[in-house]
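Secondary and tertiary structure notes
Okay, here's what each chain looks like letter by letter:
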Amino acid sequence: MAQPVTERQYQGIVHQRSRELMADWMGELARAEADGVTTGATMISGNCVELLRACHVLPMFPEVVALQNAIRHRSLPLILKAEQAGYSSDNCAYVKADVGLALDGGMGPGTPIPFPSIVVCNYVGCNVYVKWFEHLADISGSRLFMLDVPFARTDRLEDADVRYVVAQLEELIALCESLTGRRFDIDALRERLALSVRAQDGYARCKHLTKRRPAPFDAYFDSINMMGPINVLRGTVEAAEFFDAAVEEFERLAAEGRGPLSEERFRTVVEGPPPYPYYRSFRNLFTRWGAVAVQSTYSTVGGIWEFGFRHDPRRPLESIAEQMLYENLTNRSIVARYAQIKRYVEEWEADALVIHSIKSCRLFSAGQGDMREYFTRELGVPTLLVESDLEDPRYYAEAQIRNRVDAFFEALEHRRLVAAH
Amino acid sequence: MTPDEIFARCRSLIAEPPGSVASRWRAAHPGGRAVAVYPVWAPAEIIHAGGMLPLSLLGGGTSVELTHADARFQSFVCSIAKSTLELGFQGHVEGIDGFVFSNICDVARNLSAVYRRNFGDVVVEYLHLPQNSTSPAVVPYLASELRRVARAFEAAWGLKVTEPALAASIAAYNALRARLRALYALRAEAPHRITTPDFYAVLRAATLVPAEDAIEMLDPLLAALPAREGRPRDRLRVVVEGAFCEQPPLGLLEVLEDAGCYVVEDDFLLGWRWFRDDVPDHGNPFLALAAAYVNRALASSTRHESREHRADGLLEKVRRARADAVIFMPAKFCEPALFDYVLMKQGLDRAGVPYMTVEFEEKMWTFERTRNEIETFVESLMFE
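Everything quoted here is computed from the prediction, not taken from an experiment.

Let's talk about the overall build of chain A
Across its full length, chain A holds 16 helices and eight strands. Radius of gyration (C-alpha) of chain A: 21 Å, near the 22 Å computed for a compact globule of 421 residues. Taking the principal axes of the C-alpha coordinates as reference, chain A spans close to 70 × 50 × 40 Å. Going through the 421 residues of chain A one by one, you find that 57% of them count as buried. Sequence separation of 24 or more characterises 79% of the internal contacts of chain A that already satisfy a separation of 6 or more.

The following block contains the structure:
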């Protein structure tokens, strides 16, 4: 290997402000019961967080709870507790970690969070969501609202699907009114959506900045700092301002020609969620090769904003429905994801595709072997596939993954050297 | 035909590759098309109404070795998904023109897209079945979805599904489901008159032929079974739950009985007997079928039902079949079954119904350990 690559110890405003905002939100959730605030559990994928906020329901996200426990190395005892209660080793470990926590009577990573007042299952692609929220409602005794979002199964948005989702959103509004005792104001929703659009603009702009060489941040590992605000806090002034600041910071870094590593040797697109229990060590495997993710599919689970879709405050419910139906990764087919990745590889000028296949989430992973076939054999894109899990540390085999990563980048480097001569 | 002759015919039919079954039907029905449906439920009535053959697509069982599919789907994915894909790679679905998948689980969803990508010369339709069971908007939505699928067949092959034809097909499948309910009732009444493997073979064979042919096979069986010889044995009456998608090997069903169980209720081939009672035969048939899906469906791990706790449907089965115990039989890696297991077992615990779990894979071929486990379970209950 040439000169060792080092990570720029980047702890800028995006990182810092994201942590503060998420901590504030968790604090609000922890105080909600005492403050008499109605809370609603919902899922990240294609969510309608603006609507919940406009309905005076403070959103909480079991997925965020699960990932935060994993990143703090607290997930395994929770998973084992759920398995003791009857959950299979083959069930999604995100669910098991949450159930393990809920069996003790509450939620929350670190700070205890009371059970939600309502459980709003936005069934957007992931079938496990349905089971997860059935179980959460069963354990917590919270009211379950099933928001059924038809899968994007044709090449265009179906009018019948939009009507169906809008009708359910109207039912959700009525339910929230009865829970909170407060009337819904459509103009308040429009204001939320306008703030949301500002955040979407900012997130999209940041993601386009990684087309620069070097990319000013890692679109896989660093995106997590933006995924919290874009998925959880959309529709708030804080999120809109956060993205204004993020754009400013990343534009400055791009102008200065600074990236997250001392040298950007390889530009990758990463598919699949990260192994949260080993986030840092997984990142290091790529850092040492100077590999920077210039795009990632995981950063679009909540919404695909970089290709132009925005909520429309003039058509609030319809545009929320359209986003849930079509403008997020999880409600699209795995083969539609190939098209998204292909676009990333081409427009962001990536050298390779890295697929991190996780056992817990079959929505992401089932069929990724076919994806590899497509990219390697049909498009000639060098593709690495490694397996572990996003929540369960038992599935992370460090030495094995490292060997595969090293062999892959050695081959890429060799290919580059041969091409140069 | 005698029951034994019917059983032999059914066993022979279900051993055939689905493509061969479809090809034979197409040869006898020039211009017809065959549409295979992946578990659990699909509107066979709509396929039938278009003059097509609806038939089940249930994986390769022990009949195919995975040579391509395991490079596409990982080791932690269920066998039925992989063997179904393998059937395509090895040409065992040649003769089938179209495939219908639905949102039963994340794997089936992805399999549908991978099928479409790898086998571009066939029609692959993905049906979104609603998980909201109570919204006033759900029935109109599902009716529109059923119409969309009908239009897709028409666009592909020019086979139109008219409302009168659909009403007639609903009547045909109502008649088939009534026979299947009668068969279940006969077995629950006198399980010694039909073995579980024979029962399963009949049930599965009925998913490979048009409703009219299945009825022709079932009627003589229903007539003959009550008089069939058989000595009742001292066995545990059990409900089998969890094998609604991947198919249990016949050997496993034999072991269940050999180890001391009478299966008196199950969720095998659930989609082909999906409705508790008849789909109404009046009004708009698309709406009628959609409304029946929402309001008359049997409990299933693949359909959210907010009006009934998941354990209640199982307890009702136990009560209705006068069962002594439940045997959970989830396929390896089957998330819907494995998740529901937890809620259902808690319900059984509360109600004091004993249960055990037998996880299986379609490719399983040694059953000695399973036999021991079931025997131990049966003995612990029979001689307590």
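Some points on the overall build of chain B
Each helix and strand counted, chain B has 15 helices and eight strands in total. The globule rule puts the C-alpha radius of gyration for 384 residues at 21 Å, and the 20 Å found for chain B is close to it. Dimensions of chain B, computed from C-alpha atoms along their principal axes, come out at roughly 65 × 50 × 45 Å. Within the span of chain B, comprising 384 residues, buried residues form 54% of the whole. Taking as baseline every contact in chain B between residues at least 6 positions apart, the subset at least 24 positions apart corresponds to 78%.

Topic: the interface of chain B and chain A
With 37 residues of chain B in contact, the opposing surface of chain A contributes 41 residues. Among the elements of the structure, α4 (69-72), α6 (106-118), α7 (138-157) and α14 (335-351) of chain B are those that each provide at least two residues to the side of chain B that touches chain A. Its residues assigned to classes, the side of chain B that touches chain A shows 20 nonpolar, ten polar and seven charged.

A look at the sheet that holds strand β4 (residues 123-127) of chain B
What holds strands together in a sheet is hydrogen bonding between their backbones, with the strands either parallel or antiparallel. Residue and element names in this part refer to chain B. Pairing is parallel in the open sheet, where four strands are placed in the order β2-β1-β3-β4. Among the strands making up the open sheet, the edge pair consists of β2 (53-56) and β4. The average angle at which neighbouring strand axes cross in this sheet is 25°, direction not considered. Here strand β1 (residues 34-37) pairs with β2 via four bridges, running parallel. Each residue of the ladder has a partner; that of Ala34, found in β2, is Leu53. Sitting on the sheet, helix α2 (residues 18-28) is in contact with β1 and β2, with an inclination near 165° to β2.

As for the sheet that holds strand β8 (residues 355-357) of chain B
All names here are of chain B. Taken together, the four strands give an open sheet; going across it, the order is β6-β5-β7-β8, and neighbouring strands pair in parallel fashion. The sheet is open, and its two edges are formed by β6 (261-265) and β8, each paired on a single side. Here the average twist between neighbouring strands, direction ignored, is 35°. In terms of strand pairing, strand β5 (residues 236-241) meets strand β7 (residues 325-328) through four bridges, oriented parallel. Within β7, the position partnered with Glu241 by the bridge is Phe328. The sheet contacts of helix α15 (residues 368-382) involve β5, β6, β7 and β8, and relative to β5 the element is tilted by about 130°.

Some remarks on helix α7 (residues 159-180) of chain A
All names here are of chain A. Spanning 22 residues, α7 covers 31 Å between terminal C-alpha atoms, matching the ideal 32 Å at 1.5 Å per step. Residues of α7 that are buried include every one of Asp161, Tyr164, Val165, Gln168, Leu172 and Cys176, and no others. Down the axis of α7, the buried set is contained in an arc of 115°. They therefore lie on one face. Counted as exposed and oriented over 90 degrees from the buried face of α7: Asp159, Ala174 and Ser178.

Observations concerning the packing of helix α11 (residues 279-287) of chain A against helix α16 (residues 398-420) of chain A
Any two packed helices are characterised by how steeply their axes cross, that is the angle between the axes, and by the distance between the axes. Residue and element names in this part refer to chain A. Contact geometry for α11 and α16: axes closest at 10 Å, N-to-C directions at 20°. One way to sum up the angle between α11 and α16 is to call them roughly parallel. Crossing of α11 over α16 shows right-handed handedness. Here Ser281, Leu285 and Phe286 of α11 lie close against α16, whose contacting residues are Glu398, Ile401, Arg402 and Val405. A class-by-class count of the residues in the contact of α11 with α16 yields four nonpolar, one polar and two charged.

A look at the packing of helix α5 (residues 93-102) of chain A against helix α6 (residues 127-140) of chain A
All names here are of chain A. Where α5 contacts α6, the axes come no closer than 11 Å and their chain directions differ by 5°. By the angle class used here, α5 and α6 are roughly parallel. Contacts between α5 and α6 pair Val95, Val99 and Ala102 from the former with Val128, Trp132, His135, Leu136, Ile139 and Ser140 from the latter. The class makeup of the residues in the contact of α5 with α6 is seven nonpolar, two polar and no charged.

Observations regarding the confidence of the model for chain B
Of all residues in chain B, 100% have pLDDT values of 70 or greater, and the mean over the chain is 97. Interface predicted TM-score (ipTM) for the complex: 0.96; the corresponding pTM is 0.97.

Comments concerning helix α1 (residues 13-35) of chain A
Of all the bends in α1(A), the greatest measures close to 30° and is centred on Leu29(A). The secondary structure elements touched by the buried residues of α1(A) are β1 (38-41), β2 (57-60), α9 (224-232) and α10 (237-255) of chain A.

Comments concerning the pairing of β2(A)
Residue and element names in this part refer to chain A. Both β1 and β2 contribute to a ladder of four bridges, which runs parallel. From the neighbouring strand, Gly40 faces β2, where its bridge partner is Pro59. The handedness of the β1 to β2 crossover, carried by helix α2 (residues 49-54), is right-handed.

Description of the nonpolar core
Within the largest apolar cluster, 270 residues are counted, with the highest numbers of intra-cluster contacts made by Cys121(A), Val269(A), Val238(B), Cys261(B) and Val326(B). Those residues in contact with Val238(B), other than ones at most four positions away along the chain, are Cys261(B), Tyr262(B), Val263(B), Val264(B), Ala323(B), Asp324(B), Ala325(B), Val326(B) and Ile327(B).

Details of the environment of Ala323(B)
All names here are of chain B. Inspection of the secondary structure assignment puts Ala323 in the loop between α13 (310-320) and β7. Between the C-alpha atoms of Ala323 and Leu236, which are 87 residues apart in sequence, the distance is 7.8 Å. The residues contacting Ala323, other than those within four sequence positions of it, are Arg237, Val238, Val239, Val264, Glu265 and Val318.

Brief notes about the environment of Val93(B)
Residue and element names in this part refer to chain B. Secondary-structure assignment places Val93 in the loop between α5 (79-89) and β3 (98-102). Exposure remark for Val93: the 23 C-beta atoms within 10 Å place this residue in the buried category. Considering only alpha carbons, one finds Val93 and Thr162, 69 residues apart in sequence, at a separation of 28 Å. Those residues in contact with Val93 that lie beyond four places of it in its chain are Pro18, Gly19, Ala36, Leu87 and Gly88.

Thoughts on the pairing of strand β6 (residues 291-296) of chain A
Residues and elements named next belong to chain A. When you tally the buried positions in β6, you get six out of six residues, the bulk of the element. Across five bridges, the pairing between strand β5 (residues 266-271) and β6 is parallel. Looking across to β6, one finds that Thr268 is bridged to Ala293. In this view, the connection linking β5 to its parallel neighbour β6 by way of α11 has right-handed handedness.

Concerning unusual backbone geometry
A cis amide bond links Arg213(A) with the next residue in sequence, Pro214(A), at an omega value of -5°. Along the chain, the position of Pro214(A) falls in the loop between α8 (186-209) and α9. Here Pro39(B) and Val40(B) are connected by a cis peptide whose omega angle stands at 10°. Here Val40(B) shows up in the loop between β1 and α3 (44-49). If you check the backbone angles, Leu269(B) has positive phi at about 45° while not being a glycine. By secondary structure assignment, the location of Leu269(B) is in the loop between β6 and α12 (285-295).

Basis of the calculations
Residues numbered from 1 in each chain as written. Chains lettered and ligands numbered in written order. Predicted model: local features only at pLDDT ≥ 70, side-chain atom pairs only at ≥ 80, totals over all residues. Helix = DSSP H or I, 4+ residues; strand = E, 2+ residues; numbered from the N terminus. Rg over C-alpha atoms; globule rule 2.2 N^0.38 Å. Buried ≥ 20, exposed ≤ 12 C-beta atoms within 10 Å, placed from the backbone. Contact = placed C-beta atoms within 7 Å. Nonpolar A, V, L, I, M, F, W, Y, C, P; charged D, E, K, R; others polar. Pairing = 2+ DSSP bridges. Axes fitted to C-alpha atoms, helices over the stretch in contact; angles between N-to-C directions. Expected span 1.5 Å × (residues − 1). Arc of directions from axis to C-beta. Parallel < 35°, antiparallel > 145°, perpendicular 65-115°, else oblique. Left-handed = near helix turned anticlockwise from the far one by under 90°. pLDDT = per-residue confidence, 0-100. Bend = angle between axes of the 7 residues up to and from the residue. Right-handed = clockwise from strand over helix to strand, strands pointing away. Core = buried A, V, L, I, M, F, W, Y, C linked by C-beta atoms within 7 Å.

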